[in-house]
Amino acid sequence: MVNLANLVINELACTYIPLIVQEQMPFADGKAFYKDFKHKAVKILGVYTLSGNAVDFNVKTEYLLVSSKPNEMLTVEYQYAPNNYGLTDEIGYTEKDVSARVIAYGVASEVCISEGNFDQAVMHHKRYVDEIALLSMPKNATIKQRSWR
């Protein structure tokens, strides 16, 4: 079950609802190596000074390069892939981001697939996808009024 939950959480993070974190990193010679990040970075969203000003950056294969001061502490905002969680670990999502129900539907679907119960798997997967669609929909969408002049 833990492995299936990890599979569902990874699918959510990499496909539907990204996990995003801000982390303060030391930049030695304008570089911060990805191996030093707390999480596995998937996409760098921004680099900021501690006062919140945006800093230009270049994504390299092994490190992140900035053009500001050579040795500075900066905040890096990035999307990350989750680690494999254990039974008692806290996941990267809060209940506000992704409810336990969404994860439960995903796990139930995966359990049904692994047991060969495809009808039940389809039912749980539909519920899982419907809940994700509700989370992904814009909350305050308004449509511009049309005029026929």
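Here, every reference points to the structure presented above.
On a predicted model such as this, the values are computed, not experimentally measured, just so you know.

Asks: Where do I start with the overall build of the chain in this structure?
Replies: Helix and strand counts for the chain come out as three helices and six strands. The order of helices and strands in the chain, counted from the N terminus, is α-β-β-β-β-β-β-α-α. Its C-alpha atoms give the chain a radius of gyration of 20 Å, clearly above 15 Å, the size a compact globule of 149 residues would have. Dimensions of the chain, computed from the C-alpha atoms along their principal axes, are close to 60 × 60 × 25 Å. By residue count, 32% of the 149 residues in the chain fall in the buried class. Pairs at least 24 residues apart make up 71% of the contacts formed inside the chain by residues separated by at least 6 positions. A total of about 10,400 Å² of accessible surface is found on the chain, and carbon and sulfur atoms cover 52% of it.

Asks: Help me out: how do you make sense of the sheet that holds strand β6 (residues 72-81) in this one?
Replies: The pairing of strands in a sheet comes from backbone hydrogen bonds and takes either a parallel or an antiparallel form. With respect to topology, three strands assemble into an open sheet ordered β1-β6-β3, the strand pairing being antiparallel. A single partner strand is all that each edge strand has here, and the edge strands are β1 (19-27) and β3 (40-48). Ignoring strand direction, the axes of neighbouring strands in this sheet form an average angle of 35°.

Asks: Teacher, can you tell me more about the packing of aromatic side chains here?
Replies: Pairs of aromatic rings are described using the distance from one ring centre to the other and the angle between the two planes. Tallying each qualifying case throughout the model produces four aromatic pairs. Where Tyr34 meets Phe37, the ring centres are 5.7 Å apart and the plane angle is 80°; that geometry is what we call edge-to-face. Cluster of aromatic residues (ring-pair linked, three or more members): Tyr34, Phe37, Tyr78 and Tyr80. If you follow Lys31 out to its NZ or CZ, it ends over the ring of Tyr63, 4.7 Å from the centre.

Asks: I would appreciate a short explanation of the pattern of salt bridges in the present structure.
Replies: Note on pairing: side chains with opposite charge can pair once their charged atoms come close. Summed over the entire model, instances satisfying the criterion amount to three salt bridges. Salt-bridge contacts for Lys35 lead to Asp36; the nearest nitrogen and oxygen are separated by 3.8 Å. In this structure, Lys126 engages Asp130 in a salt bridge whose closest nitrogen and oxygen atoms are separated by 2.8 Å. Of this pair, Lys126 and Asp130 are both found in helix α3 (residues 118-136), four residues apart, which corresponds to roughly one turn of the helix. The class of Lys126 is exposed, set by a relative accessible area of 53%. For Asp130, a relative accessible area of 36% corresponds to the partly exposed category.

Asks: How should the environment of Lys69 be read in this particular structure?
Replies: Tracing the sequence through the fold places Lys69 in the loop between β5 (63-66) and β6. Taking relative accessible area as the criterion, Lys69 reaches 57% and is therefore assigned exposed. A sequence separation of 62 residues divides Lys69 from Leu7, and the C-alpha atoms of the two residues are 41 Å apart.

Asks: What am I meant to see in the side chain of Glu131 here?
Replies: Its place among the elements puts Glu131 in helix α3. Taking relative accessible area as the criterion, Glu131 reaches 18% and is therefore assigned buried. Beyond its immediate stretch of four places on either side in the chain, Glu131 contacts Arg101, Val102 and Tyr105.

Asks: What exactly am I supposed to notice about the packing of helix α1 (residues 2-16) against helix α2 (residues 100-114) here?
Replies: Any two packed helices are characterised by the angle at which their axes cross and by the distance between the axes. Closest axis-to-axis distance for the α1/α2 pair is 9 Å, and the angle between their directions is 120°. The angle between α1 and α2 places the two elements in the oblique class. As α1 runs across α2, the sense of the crossing is right-handed. Of the residues in α2, those in contact with Leu4, Ala5, Leu7, Val8, Ile9 and Leu12 of α1 are Val102, Ile103, Gly106, Val107, Glu110 and Val111. Of the residues assigned to the contact of α1 with α2, the class counts are 10 nonpolar, one polar and one charged.

The rules we used
Residues numbered from 1 in each chain as written. Predicted model: local features only at pLDDT ≥ 70, side-chain atom pairs only at ≥ 80, totals over all residues. Heavy atoms only, no water. Helix = DSSP H or I, 4+ residues; strand = E, 2+ residues; numbered from the N terminus. Rg over C-alpha atoms; globule rule 2.2 N^0.38 Å. Buried < 20%, exposed > 50% of the residue type's maximum accessible area, 1.4 Å probe, protein only. Contact = heavy atoms within 4.5 Å. Areas by Shrake-Rupley, 256 points an atom, 1.4 Å probe, with all protein chains shown as cover. Pairing = 2+ DSSP bridges. Axes fitted to C-alpha atoms, helices over the stretch in contact; angles between N-to-C directions. Phe/Tyr/Trp six-rings, centres within 6.5 Å; stacked < 30°, edge-to-face > 60°. Lys NZ or Arg CZ within 6 Å of the ring centre and 35° of its normal. Salt bridge = Lys/Arg side-chain N within 4 Å of Asp/Glu carboxyl O. Parallel < 35°, antiparallel > 145°, perpendicular 65-115°, else oblique. Left-handed = near helix turned anticlockwise from the far one by under 90°. Nonpolar A, V, L, I, M, F, W, Y, C, P; charged D, E, K, R; others polar.

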